[in-house]
Every structure is written in structure tokens, then in C-alpha cells.
Amino acid sequence: MLHRLPAPLHRRLYRLAHWCRKQVWRIWQPSLHGVRVLALDAEGRVLLVRHSYGSDKWMPPGGGLNRAEEPVPAAERELLEETGCRLAEARLLTVATEDLVGASNHVHVVAGRTDDSPRVDGREIVEARFFALDALPEQMAARLPAEIRRWVADYHG
């Protein structure tokens, strides 16, 4: 039903929902479980996205794990939903725990390959692009470039 809304209204609703979610996390401090997807193309570049809500920084695609969902199928689902790309040769690399506005976020980092070109819906994701590991965008969380390079090395190693 939400896909019938005009994209600008849909983006505003994403921002409102994200703000509400952060307020709940601050109060309840839940334990969250999600995935972060490192999708590499044939040239070894990593796919990054920018969301319409939250930070406007570049980051790997990802999202929450559904109840009883395994990390690799969740990564495949999230990548397809956010970018239209399929993930192949995927495997779980690590689980990183980070603070997310008071919540304990257990992020399952999954890496794999894709031969697809990203397509964004202009609603949740406003931009998606492949970047060479030595030319990651400056507009990222400070720790993320080093983590991405390490995770990609682990995937190849």
C-alpha cells in the first residue's frame, strides 16, 4: 500500500518512522539483530547506499533480521529489497555489536558477489553506487572505511 504514495511523502514517512523508532530504542534499550551486506562486483568494488532517513552518509545495504531468519538469507533479501541486486557466494564474516541510539545492535556482516546493477526506489534508498576500496566516499562514518576493507580482505582470505 505504501508504494502507492508519492515518493516525497513516502520519504517523509520513513523519516518520521525512523525518528519514532529511535525514541523507543532510547527508552527500552532493546537488543536488535540485523545484517550489513558487502556486495562486491566483478571489479572488486563494494556497493554502498544512502538512505532517505537517518544519516545521509554512505553505508553498506542492510536491515533487520526477521524472527528466526538466518543472516545469509536476510542479507540476500535486504540487498534485493534495497538495490534490486542478487547476492551470490555469500557467507557470514562476523557479528559486530554496536550501540544504536541506546539499543544493543548485533550486526551480522555478510559478504558476497553481485553481477547486477543497483536500482533504487527513491523512497527508502535515494542513491546506490559501487566504490573501489581505495576510493570510498568521504561521507561515511569514520570507522566504516577501515572496517569495509578488513571485511573484504576476510571475504577473500
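Just above, that's the structure.
Figured I'd write up the structure that's included with this text. Values in this document were obtained by computation on a predicted structure and should not be read as measured data. (Residues numbered from 1 in each chain as written. Predicted model: local features only at pLDDT ≥ 70, side-chain atom pairs only at ≥ 80, totals over all residues. Heavy atoms only, no water.)

**Overview of the pairing of strand β2 (residues 46-51)**
Each regular strand shows side chains that alternate between the opposite faces of the sheet.
At step 1: Most of β2 is tucked away, with six of its six residues classed as buried.
At step 2: In β2, alternate side chains face the same way, and those of V46, L48 and R50 on one face and L47, V49 and H51 on the other are all buried.
At step 3: Bridging between β2 and strand β6 (residues 125-131) involves six bridges; their strand directions are antiparallel. Each bridged residue has a counterpart across the sheet, and for L47 the counterpart in β6 is F130. (Buried < 20%, exposed > 50% of the residue type's maximum accessible area, 1.4 Å probe, protein only. Helix = DSSP H or I, 4+ residues; strand = E, 2+ residues; numbered from the N terminus. Pairing = 2+ DSSP bridges.)

**Examining the nonpolar core**
At step 1: Grouped together as the largest cluster of nonpolar side chains are 16 residues, with contacts concentrated most on L38, V46, L48, L136, M140 and I148.
At step 2: Elements supplying a minimum of two residues to this core: β1 (31-40), β2, β5 (103-113) and α3 (144-156).
At step 3: Tallying contributions element by element places α3 first for this core, with five residues.
At step 4: Dropping the residues within four chain positions of it, L48 is found in contact with W58, M59, P60, E127, A128, R129, F131, L136, P137, M140 and I148.
At step 5: Listed in part, the 15 residues of the second largest apolar core include V37, A39, V110 and I125. (Core = buried A, V, L, I, M, F, W, Y, C linked by side-chain atoms within 4.5 Å. Contact = heavy atoms within 4.5 Å.)

**Describing the side chain of H108**
At step 1: With respect to the element layout, H108 can be found in strand β5.
At step 2: Using a relative accessible area of 12% as the deciding quantity, one classes H108 as buried.
At step 3: Here H108 is in contact with H33, G34, V35, R36, L65, P71, L92, T94 and V95, once residues within four sequence places are set aside.

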